[in-house]
Amino acid sequence: MGGRGTIFIPRHAWKSATLRLLFFCAVYSFGSVFFGYDASSFAGVQAFTPYIKQFGTCNSKGVCKLSAKLTSLMNSLPLIGKFIGTLVVGPMTEKLGHKKSMFITCLVQIIGVIVQVTSHRPAQFTAGRIIVYVAVGLVENVVPTFESEIAPAPLRGAFVGSLQLFLTFGSLIAGIVNNSCAKYKDQRGWIIATAIQIIPAFVILLGLYFTTDSPRWLVSKGRHEEAIAVLRKLRHKSDVDMGVCEEEVAALQEAKETTMRKGSWFELFNRKNLRRTGIACAIMSLQQLTGVTFSSSYGPTFYKQVGLGSMAFAYAAINNGVSVVTALLGMLTLDMFGRRSVTFWGCLGQALFLFLIGGIGSKAHRTASETHGMVASFIIYAAILHMTLGPAAYITSAEVGTAALREKTMAFSTAVNVVVSFAVVFTTPYLLSAPYANLGPKLGYVWGGCAAVGAVWVWFCMPELKGRTLEEIDQIFDAKIPAWRFSSFETTGTQAEMSKIAAEGAKVDANLVENSSIDKSQA
């Protein structure tokens, strides 16, 4: 099921990851901290006692709580902002480029945080979260499309997959902050925890000054000399000396008339593009249907419900820490073993541990070891998600669209992701707690079933795009072959020749590794 070539990323490919290229990707990927921090931060903040007193309702005995209705609305309504962001980001990026779009994203994030920390009513706080999620909708499209356009094909999975790494890093920071701020007995706890999410925006604004727009966007605007200049800054000196930058721009110019023209929204659904649009929407929906939003938005609430309230924030921090490590592994495995294989086995792994959560949670009387086993399953499930399906959804959606529709494909699939996420977040409090469905841990059966269905979809429908240039991907889709034949298809043209050169480099690296192993064994 894997992609073509060797199962490791060749050393010559890593040589193309220059410091400036890494810096550009780091600046943009840092935007994912927005979403990771906010989702995990509010998951804890809504369980803070001072926050509940401020925004919840209290009975005559002074016991305060957030109602299921208010909890549902405060967690789901912000996704309206994300939906708005996904609708405007495609046309905005096409017109202004990624750099200006990222600048606007940071300003929106700052405004949203200010609205939240000055809140005294649930409506204002929720309005602030809606504004923040407009920035999330923008950043989830700007970052992967930018990185997919500047990264060399062998490293595209690792670079775009860094979005998931930074997302989980934001979640980790939020978990640590929540664990510290939960000790405050006054309003400072939730205010500090919320205000910290303004920091990534300022960090990005500082780094953004030193970045450029993507070469593909520049070529689409007829600015070919600028595109070459940008590539010379991003590529390794040996590639620059060999004229690889000029070859890349020539390949982009070759494809410009047929693929660089920016298409309309309606073209997403024509006969030529419907398959691509369907793949992007399906994998982005699957990412939500396996329970990722439940994990990020209701983690501490879940731990409290299963009787581990004293350790709720600590377990959430551990969960986020493990997910950071596995997200880092995901950056490598998706390019080593291929998007298709990693996602398939990831879905099966998620299904296994989600079913374990549901099975153990179904017991009327659980032992302490069984409860901790359920928590361990929850953490392992989240770890698998962040190493496989989580980053694979962003990578596939960013690279599956044509150049004419890449921003719109990413934007539309993210909008579908938002709609599914809204349904999951809105219904979870009612499914999780009494007096409604009160499924509790048995929700694992629901998400586990979706993960199992997802594995079937991956087997039959998800193409392998590992190691292909974005222009090669166009050729393969034009051939109308089944998903399981993508990895063996031979492409033609300038981009195909460049890929062959890369493949030869991979073989040389493989031979060097093999000969080195033989020499060591003989010694």
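Remember, it's a predicted structure, so these values are computed and weren't measured experimentally.

**Student:** Even after reading the chapter, I still don't get the overall build of the protein chain, so can you show me in this structure?
**Tutor:** Assigned secondary structure in the protein chain consists of 26 helices and two strands. Put simply, the protein chain has 523 residues, and 57% of those count as buried. If you take every contact in the protein chain between residues at least 6 apart in sequence, the share linking residues at least 24 apart comes to 81%. When the accessible surface of the protein chain is split by element, carbon and sulfur atoms take 67% of a total near 20700 Å².

**Student:** Where do I start with a nonpolar patch on the surface in this structure?
**Tutor:** The grouping of Ile80, Phe83, Ile84, Leu87, Val88 and Val419 at the surface amounts to a nonpolar patch, some 470 Å² of accessible area in total. Looking at which element gives the most residues to the nonpolar patch, the answer is helix α6 (residues 78-96), with five residues. Tracing the backbone through its elements, the reader meets Phe83 in helix α6.

**Student:** I would appreciate a short explanation of the pattern of salt bridges in the present structure.
**Tutor:** Where charged atoms of side chains with opposite charge meet at close range, the side chains can pair. By the definition in use, this model includes 10 salt bridges. Here Arg406 ties to Glu149 by a salt bridge, and the two come within 3.9 Å at their closest N and O atoms. Placement of Arg406 in helix α23 (residues 406-432) and of Glu149 in helix α8 (residues 122-150) is noted, with a sequence separation of 257 residues between them.

**Student:** How should I be thinking about the state of the cysteines in this particular structure?
**Tutor:** One way to say it: the disulfide is the covalent bond shared by the sulfur atoms of two cysteines. Applying the stated criterion across every chain yields a total of one disulfide. Between the sulfur of Cys58 and that of Cys64 lies a disulfide, 1.8 Å long from S to S. Torsion about the S-S bond of the Cys58 and Cys64 cystine: about 95°, corresponding to right-handed handedness. What makes Cys58 partly exposed here is its relative accessible area of 44%.

**Student:** Explain the packing of helix α9 (residues 156-181) against helix α10 (residues 188-195) to me, please; I cannot follow it from the model alone.
**Tutor:** To describe two helices that pack against each other, one gives the angle between their axes and the distance between the axes. In the contact formed by α9 and α10, the axes pass within 9 Å of each other and the chain directions differ by 165°. When the axes of α9 and α10 are compared, the pair comes out roughly antiparallel. The handedness of the crossing between α9 and α10 comes out as right-handed. Counting all contacts with α9, which are made through Val177, Asn178 and Cys181, the residues of α10 involved are Gly189, Ile192 and Ala193. The residue inventory of the contact of α9 with α10, partitioned by class, reads four nonpolar, two polar and no charged.

**Student:** Help me out: how do you make sense of helix α22 (residues 389-400) in this one?
**Tutor:** An α-helix turns once per 3.6 residues; consequently, residues spaced three or four apart project the same way. If you check α22, its first and last C-alpha atoms are 15 Å apart, about what 12 residues at 1.5 Å a residue would give, namely 16 Å. The element α22 is extensively covered by neighbouring structure, given that 12 of its 12 residues are classed as buried.

**Student:** For this particular structure, what's the right way to read the packing of aromatic side chains?
**Tutor:** Within a pair of aromatic rings, the relevant descriptors are the distance that separates the centres and the angle that separates the planes. Counted by the stated rule, this structure contains 18 aromatic pairs. Plain terms: the ring middles of Tyr51 and Phe55 are 4.5 Å apart, the flat faces sit at 45° to each other, and that makes the pair tilted. Taken together, the residues Tyr51 and Phe55, both in helix α4 (residues 49-55) and four residues apart, mark about one turn of the helix. By relative accessible area, which is 0% here, Tyr51 ends up buried. Between the aromatic rings of Tyr51 and Trp190, the centroid separation amounts to 5.7 Å while the plane-to-plane angle is 80°, which identifies the pairing as edge-to-face. Of this pair, Tyr51 sits in helix α4 while Trp190 is found in helix α10, placing the two residues 139 residues apart along the sequence.

**Student:** Can you help me understand the confidence of the model for the protein chain in this one?
**Tutor:** As a note on interpretation, predicted positions should not be read in detail where pLDDT is low. In the predicted model, the protein chain carries a mean pLDDT of 81, and 85% of its residues have values of at least 70. Considering each helix and strand of the protein chain separately, the mean pLDDT is smallest for helix α26 (residues 494-522), with a value of 50, and largest for helix α7 (residues 98-117), with 94. Predicted confidence for residues 2-8 stays below pLDDT 50, and this span has 25 contacts to residues more than four positions away or in other chains. Within the model, the stretch residues 505-510 combines pLDDT values under 50 with 10 contacts to residues more than four positions away or in other chains.

**Student:** Explanation requested: the side chain of Ser72 in the structure shown.
**Tutor:** For Ser72, the location among the structural elements is in helix α5 (residues 68-76). Ignoring sequence-local partners within four residues, the contact set of Ser72 consists of Val425, Phe426, Pro429 and Tyr430.

**Student:** Is there a simple way to explain the nonpolar core in this structure?
**Tutor:** One finds Phe34, Met102, Phe159 and Ile283 to be the most contacted residues of the largest nonpolar core, which totals 102 residues. With 11 residues, the single largest contributor to this core is α8. One finds Ile52, Cys64, Phe125 and Phe166 within the second-largest nonpolar core, a separate group that totals 18 residues.

**Student:** Got a minute to help me understand the packing of α6 against α23 in this structure?
**Tutor:** Two numbers describe how α6 lies on α23: the axes approach to 9 Å, and their chain directions differ by 180°. Relative to α23, the element α6 lies roughly antiparallel. When α6 is examined against α23, the residues Leu79, Lys82, Phe83, Thr86, Val89, Gly90, Thr93 and Glu94 are found in contact with a partner set consisting of Glu407, Lys408, Ala411, Thr414, Ala415, Asn417, Val418, Val419, Ser421, Phe422 and Val425. Looking at the contact of α6 with α23, its residues break down into nine nonpolar, six polar and four charged.

**Student:** How do you make sense of the environment of Ala392 when you look at a structure like this?
**Tutor:** Looking at where Ala392 falls in the secondary structure, it is placed in helix α22. A sequence separation of 52 residues divides Ala392 from Arg340, and the C-alpha atoms of the two residues are 8.5 Å apart. Excluding its chain neighbours within four sequence positions, the residues that come into contact with Ala392 are Ile283, Leu334 and Thr343.

Criteria and cut-off values
- Residues numbered from 1 in each chain as written.
- Predicted model: local features only at pLDDT ≥ 70, side-chain atom pairs only at ≥ 80, totals over all residues.
- Heavy atoms only, no water.
- Helix = DSSP H or I, 4+ residues; strand = E, 2+ residues; numbered from the N terminus.
- Buried < 20%, exposed > 50% of the residue type's maximum accessible area, 1.4 Å probe, protein only.
- Contact = heavy atoms within 4.5 Å.
- Areas by Shrake-Rupley, 256 points an atom, 1.4 Å probe, with all protein chains shown as cover.
- Patch = residues over 30% accessible without salt bridge, like charges linked within 9 Å, V, L, I, M, F, W, Y side chains within 5 Å.
- Salt bridge = Lys/Arg side-chain N within 4 Å of Asp/Glu carboxyl O.
- Disulfide = S-S within 2.5 Å.
- Axes fitted to C-alpha atoms, helices over the stretch in contact; angles between N-to-C directions.
- Parallel < 35°, antiparallel > 145°, perpendicular 65-115°, else oblique.
- Left-handed = near helix turned anticlockwise from the far one by under 90°.
- Nonpolar A, V, L, I, M, F, W, Y, C, P; charged D, E, K, R; others polar.
- Expected span 1.5 Å × (residues − 1).
- Phe/Tyr/Trp six-rings, centres within 6.5 Å; stacked < 30°, edge-to-face > 60°.
- pLDDT = per-residue confidence, 0-100.
- Core = buried A, V, L, I, M, F, W, Y, C linked by side-chain atoms within 4.5 Å.

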